[in-house]
Amino acid sequence: MSVRTLVINGKDVAGDADQTILEVARENSIHIPTLCHLKGLSDVGACRLCVVEVAGVNKLLAACVTKVEEGMSVVTDSPTLHDYRRTIIEMLFMERNHVCSVCVANNHCELQDAAKELGLTHFDLPPLEPVVEVDASHERFVIDHNRCILCTRCVRVCDEIEEAHTWDVFDRGAGCRVITDMGTPWGESRTCTSCGKCVQVCPTGALFEKGRSVAEAKHRRRFLPYLRALEQDQQ
Amino acid sequence: MTEIIIDPVTRIEGHSKITIQLDELGQVVDAHFHVTQFRGFERISQGRPFHEMPALMARICGICPVSHLIASAKTCEEIMAVSIPPVAVNLRRVMNLAQMVQSHALSFFHLSSPDLLLGFDADAAGRNFLGVAAAAPQLALDGVAMRKFGQQIIERLGGKRVHPGWIVPGGVSHPLEPEIRDEILAGIPDALERIRRTLSWYKANVADWADEAAVFANFPSLYMGLVHENGDIAFSDGDLRVVDAAGYLVADHIDPRPYWDYLGESVEPWSFLKSTYWKDLGYPEGLYRVGPLARLNVIDQMGTPEADEELQQYRERLGRYPASSFYYHHARLIEILHCIHAIAALLSDPGILDDRVRAVAGANRSEGVGVSEAPRGTLLHHYRVDENGLIEWANLIIATGHNNLAMNRGVLEVARKYVHGTEIQESMLNRVEAVIRCFDPCLSCSTHAIGEMPLNVQLIGPNGQVLDELAR
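Remember, it's a predicted structure, so these values are computed and weren't measured experimentally. (Residues numbered from 1 in each chain as written. Chains lettered and ligands numbered in written order. Predicted model: local features only at pLDDT ≥ 70, side-chain atom pairs only at ≥ 80, totals over all residues.)

Observations concerning the overall build of chain A
Here is step 1 of the chain: Counting its secondary structure elements, chain A contains six helices and 10 strands.
Here is step 2 of the chain: The globule rule puts the C-alpha radius of gyration for 235 residues at 18 Å, and the 19 Å found for chain A is close to it.
Here is step 3 of the chain: Along the three orthogonal principal directions, the C-alpha set of chain A runs to about 55 × 50 × 30 Å.
Here is step 4 of the chain: Counting only residues that meet the buried cut, chain A has 38% of its 235 residues in that class.
Here is step 5 of the chain: In chain A, 65% of the contacts between residues at least 6 apart in sequence involve partners at least 24 apart. (Helix = DSSP H or I, 4+ residues; strand = E, 2+ residues; numbered from the N terminus. Rg over C-alpha atoms; globule rule 2.2 N^0.38 Å. Buried ≥ 20, exposed ≤ 12 C-beta atoms within 10 Å, placed from the backbone. Contact = placed C-beta atoms within 7 Å.)

Structure, rendered in structure tokens:
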């Protein structure tokens, strides 16, 4: 173990060389908002909500994928960061069709929570309102791409924990989608074990159990760190 | 040809305008009630999982979301091919009855009582609910309290006053807690006292409104509403019954599923609101009415003793099948009385606390039709789903659609009596609006209960020139 000392928001902190800024910040009760990050899964820095300012670096860095370094000076909250994060959330809302009032994840949604936290009370950007499909071919689960923010938690949990690798990411830009078995309907997937982990880790109402009504999608995620630890023990 | 336009019509739910066409002699030749807003829920719902439909459809209306929740959930249960737990049926009834109370209270006290109490020709600036509060504080207080009574029941059961998510396909999402039941029951005596006082006030003053009652959409028509098997009034369940102006039973206990066999839907270029008609009589002769007046005409009895006494008095006073739409007001008050008693009766049954409240199933049929009574009348939902349970097609017939032909004819009747010459008269404006208010039309989910919405009226000559203009 190699210790690194650094300063976050003026507070002297220390962490292991393998730890990220986000991990060290949280160990020291310093809040950094996140969306694609989930404890127990690898980090990909997809959402950029956890961006922080690092002295001497002329760009913002994602705290979830940036390792701590000796002598680092990090700022996790500033008017600039707040504006960037607020814009990120606004763009996520505008990119697809998020209608909280009729969503299964209403009041249990991390996108909604982030909007509340960042004071996003209205939208200034024009909505794209794309025509986006819903795949309800699976016997137990549905994916509504209207509500997907491409955090890839489903892709990672399926690959890293369930090890089925049913989910993947297809295409780029506005056409980007998470897909099952190279683009076949979910109900026809031969790799899906129907374990439901992807549904439990989804931060929004994009993945949900069939039959759930508005505001009924409550996620159960406490299993993840245990499963991850178990897997590491076995290795 | 000259045209009078009232735009917008005030103190109703939603946006509309009225045009009255005059000939060269200033005689009314036609009148139209235009619904000027477009919603598109039938299209929006396409591609959505059917379990989502009740919550989505409830967003049609902020006044009567419970009716949409029930009609939509019943449609989904047809698709699921399930019969829901009996306690869920009764719990939904309680919520729908509470909604009847609050919505009727809004219609009677907040929207219509300014005309009744202050007079149809009173100054428009003060003829609103605040004017009622100044002139008759008790009446206004009773209105606020009745609405609160209904809204609080909805909130206690569903967690929210507007758009509760509690009614779901298969039943309700969670059972009733004993404390909630007791809280609701504790409010019953006060609510009864207030509606009794209001009924007495209405009956003592009804003679003053005889002129309006004579011409407010006063014509024979068919009437449609839900009844229980024993002829009691029904709001959430029951079967459709249709009677004509003389009481002839046109149809009884009919299955709503093939409503298209007996109800036609017509689209007119001047309104976004469809007009439905009884197919056997054709369009537009197949005009029928729904809502409180129609319900009281189709039922045998209310089903609660005190409301039945009121119904008897109502029928003694007005005849067995009152035809004037003015009496929607009276019918609304009797329904409030019944609903309060019915809520008390349902909650007094210990079985109401049963915790088996939800049936679970997927899509087992490709099509479903659900019907319930909204405060304004019969509400029909009809969905088709694909093999995965995604909505392919939806059709909704809301109460105001059923009443559309009757409202148009009502406007024409009033215009014929009160429009003279080519100058706009306040008395005509007031009554043309008031006849619409009798039907308590729900044109959207907007809740323009109180406010000074602008009222612009124009007289337009044959070449489009403005001959006269009046603005409030």
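A word on the packing of helix α6 (residues 137-158) of chain B against helix α8 (residues 188-205) of chain B
All names here are of chain B.
Here is step 1 of the chain: Look at α6 against α8: their axes get within 10 Å of each other, and the N-to-C directions meet at 135°. Considered as vectors, α6 and α8 are oriented oblique to each other. With respect to the hand of their crossing, α6 and α8 are arranged in left-handed fashion. Across the interface between the two elements, L139, D142, A145, M146 and F149 from α6 touch A191, R194, I195, R197, T198 and W201 from α8. (Axes fitted to C-alpha atoms, helices over the stretch in contact; angles between N-to-C directions. Parallel < 35°, antiparallel > 145°, perpendicular 65-115°, else oblique. Left-handed = near helix turned anticlockwise from the far one by under 90°.)

Comments concerning the pairing of strand β8 (residues 167-170) of chain A
Residue and element names in this part refer to chain A.
Here is step 1 of the chain: Two elements, β8 and strand β9 (residues 177-180), share four bridges in a ladder whose sense is antiparallel. Residue pairing for β9: W167 is matched across the bridge by T180.
Here is step 2 of the chain: In this structure, the hairpin formed by β8 and β9 is closed by a connection of six residues, where D171 is found at a positive phi of approximately 70°. (Pairing = 2+ DSSP bridges.)

Quick word on the sheet that holds strand β12 (residues 367-374) of chain B
Residue and element names in this part refer to chain B.
Here is step 1 of the chain: If you trace the three strands from one edge of the open sheet to the other, you get β12-β13-β14, paired in antiparallel fashion. Each of the sheet's edge strands pairs with one partner strand only, and the pair in question is β12 and β14 (391-397). Averaged over all pairs of adjacent strands, the angle between strand axes in this sheet comes to 15°, irrespective of strand direction.
Here is step 2 of the chain: Looking at chain direction, β12 and strand β13 (residues 377-385) are connected through eight bridges and run antiparallel. From the neighbouring strand, V371 faces β13, where its bridge partner is L380.
Here is step 3 of the chain: Sheet contacts for helix α3 (residues 65-80): β12 and β13; angle to β12, the most-contacted strand, approximately 155°.

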